[in-house]
Structure formats: C-alpha cells, structure tokens
Amino acid sequence: MECGSPMGDMTGRTITYHKGAWHEGNPPMLGPMAHSLWMASAVFDGARAFGGLAPDLARHCARVVTSAKSFGMTCEITASEIEALAWTGIEKFDADAELYVRPLFYFADGFVTPDPDSATFMLTLFEAPMPAWRGTSACLSSFRRPSPEMAPTGAKASCLYPNVARAMLEARERGFDIAVVLDGLGNVAEFTTSNLFIAKDQVVRTPVANGSFLAGITRSRVMELLRDGGVEVCEETLRFADVLDADEVFLTGNFPKVLPVVRVEDRDYQEGPMAQLARDLYFSFAEREGRKKAA
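Structure report, in brief. Computed from a predicted model, the values in this text were never measured in an experiment. (Residues numbered from 1 in each chain as written. Predicted model: local features only at pLDDT ≥ 70, side-chain atom pairs only at ≥ 80, totals over all residues. Heavy atoms only, no water.)

Here we take up the overall build of the protein chain. Looking only at helices and strands, the protein chain has 7 helices and 17 strands in total. Expected size for 295 residues packed as a compact globule is a radius of gyration near 19 Å; at 19 Å, the protein chain falls within 12% of this value. The C-alpha extent of the protein chain, read off along each of the three principal axes, is 55 × 45 × 30 Å. Each of the 295 residues in the protein chain was classed as buried or not, and the buried ones make up 52%. Across the protein chain, the fraction of contacts at a sequence separation of at least 24, relative to all contacts at a separation of at least 6, is 72%. Element-wise, carbon and sulfur atoms account for 53% of the exposed surface of the protein chain, whose accessible area totals about 13100 Å². Taking the average place of the 29 positive charges on the side chains of the protein chain and the average place of its 39 negative ones, the gap between the two points comes to 1 Å. (Helix = DSSP H or I, 4+ residues; strand = E, 2+ residues; numbered from the N terminus. Rg over C-alpha atoms; globule rule 2.2 N^0.38 Å. Buried < 20%, exposed > 50% of the residue type's maximum accessible area, 1.4 Å probe, protein only. Contact = heavy atoms within 4.5 Å. Areas by Shrake-Rupley, 256 points an atom, 1.4 Å probe, with all protein chains shown as cover. Lys, Arg positive; Asp, Glu negative; His and termini not counted. Charge placed at Lys NZ, Arg CZ, Asp CG, Glu CD.)

Structure follows, in structure tokens:
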C-alpha cells in the first residue's frame, strides 16, 4: 500500500481579498512591525471548494469569527459577508477547480498586547488538489497538545501551529506521514492536522472533545452522517493502546476530508469499510448541500 501525506499538494493560482480589493499571487501585505508577524496573533479557518461545491462553508466562516472574538479582535466583517466573499472568490476560478479557502484575521498594531481595533481581515483562495484516496501512516509523537489554560486551544490560531510543525517533522524524520498527538494527560487527542477515528467491532470511536484540540467541522459532519446511516459513533477518552488495538483507523479534516490510515508505528491496518462509508457519505452530503444558495 502506497502511503502519502494527507495534506497533498498545495501549488497553483492564488488570489487574496484584502482591504476591499482582490490581488493575484503572493503580494506583500504585512510590514515588519505588524503585531501578527512577530507575535503570531492571527486566527484563520479553512474550507474546501471543488467542482462548484463548498460544503459547510458557512460553518467555517462562522468559526473564524468566533476564533477572532476569542482573541479580543474587533471584527470588521460578519460570517455571512465572509461567505459571500468566498463564493465571489470561488467563481473567479474554473468551475472544476479544487481550492483551499482561507479566511484570516490578524492584528496589525500593538506591542506585546495587541490593539483590538487593528484587527484586519483577509481571504485567500488557492488551487490545492484534493488528496487521492490512499492510506497514510502515523507514528506516536513525543510532543503533546497544550491544555486550554496554556494556549488558545479553542481557536484555530496560528500560534498553535509551530507545535504541529515539529510533530510533523519528527514523524517524517522517522519515515511516517503524520503523527498521533496526545494531550497533557497522555490520552489521544488527534493526528497532527486532522481528527482521529478508530473502528472496533463495528463501533466508531473518536477522542472526546476536552478542549485540548480543535473538534473539527468535518469531524462533526462525519459523526452526524455515520449516525444517520445507522453506525454507532462514540466520543470517548482513548489511549494509544486503543488505536493499536483497533480494527481500522481513519482521519477526518478539512483538507483531505476522509482518508484511511494503514499503519500506526509497526501496526498495519486495511483500508476499512467504516472509512470508505464515511467518505462516501461525506461526498454525497457535499453534492446535496454544498452548492451556493440562491440569494
């Protein structure tokens, strides 16, 4: 089984909306004194668009506003306005384009403590092919997720990602694609950039949302779809031994949606039926509900 990173390829045309105008490529927009540049005071979200569909776009737009407000940002734009701008951006690409849609808020001014009124919005869309259906591999990371009193874990915040990056680097140095990351108590939290699911005896299990990791929008949607499809889905405290003992392992995330995991450390798994069902249900949902709503 060929494994591969669930993040896939991220190259191609890029456009960005910033301060009332659309820009092509990667133009400079932040100066050296921008608070977000040196204090990592930015929050973002990521939605997907493919074949004219943008499933759960509204939820992603709402979440980035929630993340911004959790940082004390004064938001200049509403979630519904972000959604409308995102559709405008999507329509600037070919109808069959596969895109990553990234709304972002950042602080422009401040010294250690940011100026709330300097919060600025930008929206970037870039071509990023959907990862192919194939298995990925994971190891156990030596790095852990911070607890809510240590970091803004309830937001999709840029400052959390250096920890993700070092876990990814560690995994790749060991010959794996991604890593299983534990929380501060030693329980399973997630994969490095995606949520973790296991299946055992026809029951799907995923770590209970305890504030140490972002319980993703795709995670929530897949849980809902599986339950509607008659599958028992449980949120539980999981140990790493539970992952190794599972019949199958899979991941969910905005970038790849659903992918099977075929190796964790030295334990091999098949591309199982639950992962395939979750993927089929998700893309059926996307076809039904992912189109732009009439004005």
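On to the nonpolar core. Among the nonpolar cores identified, the biggest contains 32 residues, and Val-101 and Phe-105 are the most heavily contacted of them. Put simply, the parts of the chain that give this core at least two residues each are strand S1 (14-18), strand S4 (47-50), helix H2 (57-70), helix H3 (79-90), strand S5 (98-107) and strand S8 (119-127). (Core = buried A, V, L, I, M, F, W, Y, C linked by side-chain atoms within 4.5 Å.)

A word on the layout of surface pockets. Counted as a void, the second largest pocket has a volume near 240 Å³. Together, Thr-14, Thr-16, Gly-25, Asn-26, Pro-27, Pro-28, Met-29, Leu-30, Arg-102, Met-122, Thr-124 and Phe-126 line the second largest pocket. Looking at the lining of the second largest pocket, the element that brings in the most residues is S8, giving 3 residues. Counted by class, the lining of the second largest pocket contains 6 nonpolar, 5 polar and 1 charged residues. (1 Å grid on protein atoms, 1.4 Å probe; cavity = no way out; pocket = protein on both sides within 12 Å on 5 of 7 lines; lining within 4 Å. Points joined across faces, edges and corners; volume = space filled by probe spheres on them. Nonpolar A, V, L, I, M, F, W, Y, C, P; charged D, E, K, R; others polar.)

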